[in-house]
Amino acid sequence: MTDRWLYPWGLGSVAFGGASLLVPLYAVQLGASAFQLGLLASAAALAGAPGAVVFGRLADRVSVRRPLVVGTLAVVAACLAAIPFVSTVTAVVVANAALWLVIAAVAPVVTMVVVDATPESAWAGRIGRLNKFQGYGWAVGLLVGTVWPLAVGRSVGVETATRTLFWMFAACGAVSAAGTAWTLPRPDDHVTSPRQLRRIGRLLATSRGSIRGTTVAFSPNRLYWSTRALRPERLRERFSPALVTYLLAAALFLSGSAAFWAPLPLALTDAGIGSGPVFGLYLLASLGSAVLYEPAGRLASRYDLRRLQAGALAVRAVSLPVVALAAGIGIVSFRFGFVGLWLAIIGGTWGVMAVVGTAIVTHLAPPEVRGEILGVHAALGAVAGGVGGLLGGWVATVGYVAAFVIAAGLVLSGAALVLSLERVSGGPSVDGSRSR
């Protein structure tokens, strides 16, 4: 299968990455409160989860997947072009939920495209190549959002710069739709067998997270594939106390993380940081996670996974409220530098958490239901994104320090539960394979 279509698809990922922060910042410009930002994040997470499941099921049944991919990109372009004409925060929340519904929905479809008519031995490489294009596209979207307001904001004004940035990302989506329609291959075969579905789910559940993982509470692609072959009856009496403890810990620290990210755009804006620098700060956080994925994998194969995870969570818990304090520094240049440093640290902790967390679940889950347990673990992220976003936005109406302290408390509670487990060693897992 030719990979020419990955280039226009990567351009679509530029639009996705830019929209992930541009829409919340636009809501802030319209006067959104901290609670409304939490609602914005929560609605996006809760819309994305069923979108991924429904579209994934549909893609598994249709003979031609091209319209699903191209149609999604066209809808994204239309949404991004229309949002600047919206004048109420409520309408932005609805439009953003629709936007992330289609973005999340297309993720499993694209994965099906890259593995269709491809030998299983090549799946890991092709999925990794897809993630590479998506990750670079997401980062470029954040980079464009950083540069554009600084380059044109002073000459045309903040509001005009924001509108034109929306239209620039909309153009990326439109060109991506046209280019994908032109280059997307038409494979002869589809992946449909339960064994193949579980195999893809395992690959995605144990692969490194993408650059977007530090600021997005769940991955719709992993959610769909790891729950695609979920059979609840197989899970009865298969949850050990240690596994239940870790899943509860994950629910706590993922909710705490979502509670931090939801009101953060407003906190940074209220601290006097412009929209361009805010994009730059998010890019630093994303890069901080990306550079630690591979080192975390090496550490996970050598040391006690429980201590590695608890250590990363403890560092994150300390860092969350420090961001609020750093945002209050009087000198603007120092303020940006300190906030950037701590967000990079927070991003780095995600690089460890994502890799080590998957290794812990893989180690604790019984081999015969490991795929299903990984699905439950992925689903926790979607629930955490919704609950944590609402919680963080609500508490932030009292104060950002209070919201970030509560977020830190949830993360620290998760760390304590992880540390309460018996030693979970890296290296070979229970079925003889190496945990990753």
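Residues numbered from 1 in each chain as written. Predicted model: local features only at pLDDT ≥ 70, side-chain atom pairs only at ≥ 80, totals over all residues. Heavy atoms only, no water.

- You'll find the protein entered in an unreviewed UniProt entry as MFS family permease, with Halapricum desulfuricans given as the organism.

**Thoughts on the overall build of the protein**
Argument step 1. When helices and strands are tallied, the protein shows 17 helices and zero strands.
Argument step 2. When burial is assessed residue by residue, the protein has 57% of its 436 residues classed as buried.
Argument step 3. For the protein, long-range pairs separated by at least 24 residues make up 86% of all intrachain contacts whose partners lie at least 6 apart in sequence.
Argument step 4. Summing over all exposed atoms, the protein offers an accessible surface of approximately 17000 Å²; the carbon and sulfur share of this is 67%. (Helix = DSSP H or I, 4+ residues; strand = E, 2+ residues; numbered from the N terminus. Buried < 20%, exposed > 50% of the residue type's maximum accessible area, 1.4 Å probe, protein only. Contact = heavy atoms within 4.5 Å. Areas by Shrake-Rupley, 256 points an atom, 1.4 Å probe, with all protein chains shown as cover.)

**Observations concerning the environment of Val-323**
Argument step 1. By the secondary structure assignment, Val-323 is in helix α14 (residues 305-326).
Argument step 2. For Val-323, a relative accessible area of 1% translates into the label buried.
Argument step 3. For Val-323 and Phe-338, which are 15 residues apart along the polypeptide, the C-alpha to C-alpha distance reads 8.0 Å.
Argument step 4. Setting aside its immediate chain neighbours within four residues, Val-323 contacts Phe-260, Leu-264, Val-339, Trp-342, Leu-343 and Ile-346.

**Quick word on the layout of surface pockets**
By rolling a water-sized probe across the atoms, one finds the places where empty space is left.
Argument step 1. Quantified by volume, the second largest pocket comes out at close to 280 Å³.
Argument step 2. Elements represented by at least two residues in the lining of the second largest pocket include exactly α1 (6-29), α5 (123-156), α6 (158-183) and α12 (275-290).
Argument step 3. In terms of residue count, the dominant contributor to the lining of the second largest pocket is α5 (four residues).
Argument step 4. The residue inventory of the lining of the second largest pocket, partitioned by class, reads eight nonpolar, six polar and one charged.
Argument step 5. Here the lining of the second largest pocket spans two domains, and each of domain 1 (1-186) and domain 2 (231-422) adds at least three residues to it. (1 Å grid on protein atoms, 1.4 Å probe; cavity = no way out; pocket = protein on both sides within 12 Å on 5 of 7 lines; lining within 4 Å. Points joined across faces, edges and corners; volume = space filled by probe spheres on them. Nonpolar A, V, L, I, M, F, W, Y, C, P; charged D, E, K, R; others polar. Domains from an automatic or database assignment.)

**Focus on helix α13 (residues 293-300)**
Argument step 1. Regarding α13, the residues found buried are Tyr-293, Ala-296 and Ala-300. Angular distribution of buried residues about the axis of α13 spans 60 degrees; they occupy a single face of the element. (Arc of directions from axis to C-beta.)

**Concerning the packing of helix α10 (residues 241-261) against α14**
Argument step 1. One can describe the packing of α10 onto α14 by two numbers: an axis separation of 11 Å at closest approach and a directional angle of 25 degrees. As judged from the angle between their axes, α10 and α14 are roughly parallel. As for how α10 packs across α14, the hand of that crossing is left-handed. Residues Tyr-246, Phe-253, Gly-256, Ser-257, Phe-260 and Trp-261 of α10 lie in contact with α14, whose contacting residues are Gln-309, Leu-313, Arg-316, Leu-320 and Val-323. (Axes fitted to C-alpha atoms, helices over the stretch in contact; angles between N-to-C directions. Parallel < 35°, antiparallel > 145°, perpendicular 65-115°, else oblique. Left-handed = near helix turned anticlockwise from the far one by under 90°.)

**A closer look at the packing of aromatic side chains**
Argument step 1. Enumeration over the complete set of coordinates arrives at nine aromatic pairs.
Argument step 2. For the pair Tyr-7 and Phe-133, a centre-to-centre distance of 5.0 Å together with 90 degrees between the ring planes defines the contact as edge-to-face. Here Phe-133 lies in helix α5 and Tyr-7 lies in helix α1, a separation of 126 residues in the sequence.
Argument step 3. What makes Tyr-7 exposed here is its relative accessible area of 55%.
Argument step 4. Among the aromatic side chains, those forming a connected cluster through ring pairs are Phe-260, Trp-261, Tyr-282 and Phe-404. (Phe/Tyr/Trp six-rings, centres within 6.5 Å; stacked < 30°, edge-to-face > 60°.)

**Concerning a nonpolar patch on the surface**
Argument step 1. Taken together, Phe-35, Leu-39, Leu-390 and Trp-394 make up a surface patch of nonpolar side chains, about 380 Å² in accessible area.
Argument step 2. Mapped by element, the contributors of at least two residues to the nonpolar patch are α2 (34-59) and α16 (370-396).
Argument step 3. Looking at Trp-394, the relative accessible area reads 55%, which means it is exposed. (Patch = residues over 30% accessible without salt bridge, like charges linked within 9 Å, V, L, I, M, F, W, Y side chains within 5 Å. Salt bridge = Lys/Arg side-chain N within 4 Å of Asp/Glu carboxyl O.)

**Notes on the pattern of salt bridges**
Argument step 1. The final tally for this structure, using the stated rule, is two salt bridges.
Argument step 2. Ionic pairing is found between Arg-307 and Asp-304, a salt bridge with its closest N-O pair at 3.8 Å.
Argument step 3. A relative accessible area of 53% means that Arg-307 is categorised as exposed.
Argument step 4. Among the residues examined, Asp-304 registers a relative accessible area of 4% and is labelled buried.

**Brief notes about the environment of Val-144**
Argument step 1. Mapped onto the elements, Val-144 comes out in helix α5.
Argument step 2. With a relative accessible area of 23%, Val-144 lands in the partly exposed category.
Argument step 3. As a C-alpha pair, Val-144 and Gly-276 span 132 residues in sequence and 8.8 Å in three-dimensional space.
Argument step 4. With residues up to four places along the chain from it excluded, the contact list for Val-144 reads Pro-149, Leu-165, Met-168 and Phe-169.

**Some points on the nonpolar core**
Argument step 1. Membership of the largest hydrophobic core comes to 125 residues, with the highest contact counts inside it found for Phe-260 and Leu-343.
Argument step 2. Top contributing element to this core by residue count: helix α4 (residues 89-115), with 14 residues.
Argument step 3. When residues of this core are sorted by domain, at least three fall in each of domain 1 (1-186) and domain 2 (231-422).
Argument step 4. Not counting residues within four places of it along the chain, the set of residues in contact with Leu-343 comprises Phe-260, Trp-261, Leu-264, Leu-281, Ala-285 and Val-323. (Core = buried A, V, L, I, M, F, W, Y, C linked by side-chain atoms within 4.5 Å.)

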